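Observations on chain architecture
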Amino acid sequence: MALRINPKLIDELEVYGAEDVSKCYHCGNCSAVCVHSSDPYVFPRRSMRNLQMGLEDKLKGGLEPWLCYYCGECSEQCPREAEPGETMMSLRRWLTSRYDWTGISRLFYRSWRWEVGAILLVGFLTALGFLLFGFSQGSITHYNGSNAFLPSSKIHVFDWTLAMLLLAVLLSNAARMWWYTVGRDRSVKVPMKSYITKAYLLPAHFITQMRYAKCARKTPWLTHLVLMLSYLTMLVLIMFFLSKMASGPKIDWYVHIFGYLATVGLVVGSVLFLRNRLRKSSAQYTHSHESDWLFLVLLLVVTLTGISQSILHHSGVDVAANIMYVVHLSVVVPMLALEVPFGKWSHLAYRPLAMYFADVRAEGLTRREPASVPSEGLRAA
Amino acid sequence: MEEPRIGVYVCNCGTNIAKVVDCDAVAEFAAKLPGVVVARSYKYMCSNPGQEMIVQDIEEQSLERVVVAACSPRMHEQTFRRALETAGLNPYLFEMANIREQCSWVHDDGAIATEKAQALVHAAVNRVARHEPLERMSVDMCPNTLVIGGGIAGMTAALELADAGKRVYLVEKQDHLGGNIARVDLTAPYLDSARDILTYLVTRVLEHDNIEVMTESRVERLDGFVGNFKATLGSLANAADGNAAVDVGSVIVCTGYKEFDAARITHYGYGKLPNVITSFELERMLRQGRIETKEGRPPQFVAIVHCVGSRSEEYHSYCSRVCCMTALKYAHEVKSALPKSYVSDVYVDMHAFGKGCEDFYRQSSEVKTLFLMYGRGEHPVIRKADPGDECGMLIEVNELLSGETVEIPADLVILMVGMEPREDVDDVAHLVSISTDKDGWFIESHPKLDPVATTTDGIFIAGACQAPKDIPDTVAQARAAAARILARIARGKLVVDAVYAEVDEDRCSGCRVCNELCPYVAIEYDETKRRSHIISALCKACGACVAACPSGAIKARHFTDEQIFAEIEGVLE
């Protein structure tokens, strides 16, 4: 059965950042230089070809974009300046919008105005909600205690509610991702055993990012790891130790030391990435989509408002600390509510999932009849 | 017969000959042969001291014949003939024995090789004793030129000659000048207007005092030989106009090409599917400024199919050279006329070899042309799409860069038809006595060293009638042909080699066997005398007629029976 070519798809992907893919003439240098490219997941050339030809189903079922960490070597090697690295990045954006059943992701990636508008709106509503809540049950002059403006016990409930909602959306999108990339493909039979024996890959990839470490340049991996671990630390602290975090003004070193380390990691990481993008220091930082800027700016603002809040709180200026807390929450909530399931943040889930799926799918592929495995030379690249 | 005084020189060619052949022994052997008065062995006979040695011996020893045993006569026969001339001896009183290519280079055994070299020298000495002094002939060079074909090659060559003050007769079959370029809109890769190029050339040609343009005309006959042709020109429009005869010294054939008939490939549906068109049909649309389907709508999906009739075992095995860049030109022109359209370029290999072409290929990618590669020998299949589909046709092809069988949507399909020789190519070849290759293109004298001359002296070829080529190559070839002709005109006279065949009219029976046989059409039949006659200027001394003549009436100068028999005896003795 012949596959129908759709020349219009590259127009759609252009909005997601794949502006140069039509320049590719398939020399295959990009696939040759990539350390992650190996059978059966050979990329970026093949993904670029599917995109040029508009083979939407193949693209949607591809895990390759998530196996790329965008070290930028392929783009530097490309004789046609077709930006294979940025194309893979654009495909990740596009895939995110395809996995998301709500359509919000698609809306955000296609229009930064909508995205910024939504963040401002949610931020405004959050601020309004917490102010009303604070004034209704506490005093703005109290940060801690029974009369606290925003008591940590209540906030904790809110945090967990939000987290569960986000998790639900993310999981439903992840299920769609599994369906497109593994479940739907009738030609691959993945045994249940593989899903279980390979399950360790999920936390392993998530925490160590060992694939990223294989890239020739180690600095981006290290920066990314520090940023991710800091974020993770902060998440754990907030989800499980919020009351300790909010205690004070005395510093509880057993908990707070992790908070300080994570804060330093978040500031250093986001500032470094912002600097790289501003300076366009190497290939992977040359093209910055609006979603990339928003991701880093929000992260930095969240960190800075958190720091300010903490300083004010520990200095005993409770009114200012409370106001800063509201400001902090009105940035954190839209960041988590909108960016984690629908924006660039979602890659923290999709990337380890893709590596897990890729390995189990590869096991399924080896069980296929040898005759159906493409043997022609050109197919390999 | 009184023995002439012969000098024999054995060249060592450094060690090329001397390391196998004992050159001194050969010289000693030669010294004892009848008539030999001097025999020497020397390191390099072709060097200045070597040549001077011959000149000095001729003068001091009163030599009448010279033999040099060295390399192939192709290499240095002319060198030693000039040495003889310098010393005042007729250059044809010379013979070369090839003891390098045919002896030292092919033998290991020194003793046997030396013996063979002695036999060859013996043959040469026997032969040279029977050489006769021959005089080279010189013929007049008529400064007029006949150019056949009024396309870009013909007009360019005509202008080059006319600007140098020479008269040109430009014969064109059609009622206007321009050839195939007159059917084209823009040119690749710089997107210059073909019309501008053409207007400039046509205006200059028509206004030029030295060019006589004859449209709707053809060359009926071409008689004579290099420097002295007589062309009979006839009108195609009006037979009553009668024929005109003109004298020309040279002829340039610039008859160009015609396009491949796309209907020959049935699965492209050309002639059946209304929106499958050829490249020239698209050119017409482009020149009219409107790209549309037969239904009168601008196409959303445009597909360009390469190598239609070219690079295929079934049709033409050669590459037509201009289609790839022309296809990219279409991608640009379609995209600029219809920015919302999608162009698919279905190619086999992208041949972007010319100046500026690789950049042009890159630019075509930048305007989002979708390049789809198919295998040589495979054929895309074009069919009508289902009603209700967003496109009018679908092209099915095994796409190599993805390894998938795909369907390409198309509303307008452009077939890049290749070039092929014109129908009347054999008539033209016969008219001017030149040959065609297996594909029907005219054969040049030498593909690298002499690409504009032919094996018939005075007949030149330029442009796509020699092989498919683009405009820059055509113009270069046309100017090169003109330059070759101008160089001959500047010399005024043509020197013809003294070695040619002659008919002894007393012995000729007029059977005309030789007339048909001569590959250079150098033999005429004189109706009044009823005898054959060889035009010495055209004869290349191949000897075919000499061997074939049943009456033994033809003698090849410098290759007489007596000379050859003496040579054979020399080898055998």
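Residues numbered from 1 in each chain as written. Chains lettered and ligands numbered in written order. Predicted model: local features only at pLDDT ≥ 70, side-chain atom pairs only at ≥ 80, totals over all residues.

1. Considering the sheet that holds strand β7 (residues 168–171) of chain B
Residues and elements named next belong to chain B. Inclusion rule: Any two strands with at least two DSSP-identified bridges between them are counted as paired. Here a helix means four or more residues in a row that DSSP labels H or I, a strand means two or more in a row labelled E, and each is numbered from the N terminus. Axis definition: a line fit to C-alpha positions, over the contact stretch in the case of helices; interaxial angles, taken between N-to-C directions, run 0 to 180 degrees. Any residue pair is listed as a contact if its two C-beta atoms, each placed from the backbone, are within 7 Å.
Within the open sheet, the five strands sit side by side as β10-β7-β6-β14-β25. Their pairing is parallel. A single partner strand is all that each edge strand has here, and the edge strands are β10 (211–214) and β25 (459–461). Ignoring strand direction, the axes of neighbouring strands in this sheet form an average angle of 20°. Sheet topology note: the β7/β10 ladder contains four bridges and is parallel. Each residue of the ladder has a partner; that of Tyr-169, found in β10, is Glu-212. Strands in contact with helix α12 (residues 471–491) are β6 (145–148), β14 (250–253) and β25; relative to β25, the strand with the most contacts, it is inclined by about 160°.

2. Quick word on the sheet that holds strand β20 (residues 381–384) of chain B
Taking strand neighbours across the sheet as the criterion, the four strands line up as β1(A)-β22(B)-β21(B)-β20(B) in an open arrangement whose pairing is mixed. Each of the sheet's edge strands pairs with one partner strand only, and the pair in question is β1 (3–4) of chain A together with β20 of chain B. Note: β1 of chain A against strand β22 (residues 404–410) of chain B, two bridges, orientation parallel. Bridged to Leu-3 of chain A within β22 of chain B is Val-406 of chain B.

3. Regarding the packing of helix α9 (residues 323–337) of chain B against helix α10 (residues 357–366) of chain B
Residues and elements named next belong to chain B. Which entries qualify depends on this criterion: Should the near helix be turned anticlockwise from the far one by less than a right angle, the crossing is left-handed, and should it be turned clockwise, the crossing is right-handed. Note on residue classes: Ala, Val, Leu, Ile, Met, Phe, Trp, Tyr, Cys and Pro are nonpolar, Asp, Glu, Lys and Arg are charged, and everything else, Gly too, is polar.
The contact between α9 and α10 brings their axes to 10 Å, and the two run at 35°. In this structure, α9 meets α10 at a crossing whose hand is left-handed. Residues Met-325, Leu-328, Ala-331 and His-332 of α9 form the contact with α10, whose own contacting residues are Cys-357, Phe-360, Tyr-361 and Ser-364. The residue inventory of the contact of α9 with α10, partitioned by class, reads six nonpolar, two polar and no charged.

4. Describing the packing of helix α5 (residues 110–128) of chain B against helix α15 (residues 561–572) of chain B
Residue and element names in this part refer to chain B. Stated formally: To sort the angles, those under 35 degrees are grouped as roughly parallel, those over 145 as roughly antiparallel, those from 65 to 115 as roughly perpendicular, and the leftovers as oblique.
Axis separation between α5 and α15 bottoms out at 7 Å; the angle between their running directions is 150°. Accordingly, the angle class assigned to the pair α5 and α15 is roughly antiparallel. Note on packing geometry: the crossing formed by α5 with α15 is right-handed. Contact residues: α5 offers Ala-119, His-122, Ala-123, Val-125, Asn-126 and Arg-127, while α15 offers Gln-563, Ala-566, Glu-567, Glu-569, Gly-570 and Val-571. Split into classes, the residues belonging to the contact of α5 with α15 amount to five nonpolar, four polar and three charged.

5. Describing the environment of Cys-71 of chain B
Residues and elements named next belong to chain B. Stated precisely, the cut-off is as follows: Three exposure classes are used, all based on how many other C-beta atoms lie within 10 Å of a residue's own C-beta (placed from the backbone): buried at 20 or more, exposed at 12 or fewer, and partly exposed between those limits.
With respect to the helices and strands, the residue Cys-71 is situated in the loop between β3 (65–70) and α3 (73–86). Of the residues examined, Cys-71 has 23 C-beta atoms within 10 Å and is grouped as buried. Beyond its immediate stretch of four places on either side in the chain, Cys-71 contacts Cys-13, His-76, Asn-98, Arg-100 and Glu-101.

6. What to know about the domain arrangement of chain A
Residue and element names in this part refer to chain A. How we decide: Delimitation of the domains relies on an automatic or database domain assignment.
On domain assignment, one finds that chain A holds domain 1 (9–99) and domain 2 (104–360). Once you take the C-alpha centre of each, domain 1 and domain 2 turn out to be 27 Å apart. Every element with two or more residues in the side of domain 1 that touches domain 2 is listed here: α5 (64–67), α6 (73–77) and α7 (84–99). Counting residues per element, the side of domain 1 that touches domain 2 draws most heavily on α7, which supplies seven residues. Looking at the side of domain 1 that touches domain 2 residue by residue, the class counts come to 11 nonpolar, eight polar and seven charged.

7. Observations concerning the environment of Gly-375 of chain B
Residue and element names in this part refer to chain B. Relative to the assigned elements, Gly-375 resides in the loop between β19 (370–373) and β20. Sequence spacing of Gly-375 and Glu-399 is 24 residues, and the spatial spacing of their C-alpha atoms is 7.9 Å. Excluding anything up to four places from it in sequence, Gly-375 contacts Asn-398 and Leu-400.

8. A look at the confidence of the model for chain A
Threshold: For every residue, the pLDDT score states the predictor's confidence, bounded by 0 at the bottom and 100 at the top.
When the pLDDT values of chain A are averaged, the result is 91; 96% of them are 70 or greater. Considering only residues more than four positions removed or in separate chains, one finds that residues 375–381 of chain A, a stretch of pLDDT under 50, has 11 contacts.

9. Things to note about the nonpolar core
Under the convention used in this document: Take the buried Ala, Val, Leu, Ile, Met, Phe, Trp, Tyr and Cys residues, join any whose C-beta atoms are within 7 Å, and the set you get is a nonpolar core.
Formed by 104 residues in total, the largest nonpolar core has its most connected members in Ile-304, Val-413 and Leu-415 of chain B. Per-element tally for this core: the top contributor is helix α20 (residues 347–366) of chain A, with nine residues. Ignoring sequence-local partners within four residues, the contact set of Val-413 of chain B consists of Asn-275, Val-276, Ala-303, Val-305, Ile-382, Met-393 and Ile-395 of chain B. Listed in part, the 58 residues of the second largest apolar core include Met-155, Leu-161, Ile-211 and Ile-489 of chain B.

10. Quick word on the pairing of strand β1 (residues 6–11) of chain B
All names here are of chain B. In terms of burial, β1 is largely enclosed, as six of its six residues are buried. In β1, alternate side chains face the same way, and those of Ile-6, Val-8 and Val-10 on one face and Gly-7, Tyr-9 and Cys-11 on the other are all buried. Of the strand pairs in this sheet, β1 and β3 are connected by five bridges, and their pairing is parallel. Among the inter-strand pairings, Val-10 is bridged to a residue of β3, identified as Ala-69. Note: β1 against strand β2 (residues 36–42), six bridges, orientation parallel. Each residue of the ladder has a partner; that of Val-10, found in β2, is Ser-41.

11. Side note on the environment of Leu-201 of chain B
Along the chain, Leu-201 of chain B turns up in helix α7 (residues 194–207). When near neighbours in sequence (up to four residues on either side) are disregarded, Leu-201 of chain B contacts Ile-152 and Met-155 of chain B.

12. Some points on the interface of chain A and chain B
Facing the 19 residues of chain A at the interface are 20 residues of chain B. For the side of chain A that touches chain B, the elements supplying multiple residues, two or more each, are β1, α3 (45–52) and α21 (377–380) of chain A. A class-by-class count of the residues in the side of chain A that touches chain B yields nine nonpolar, three polar and seven charged.

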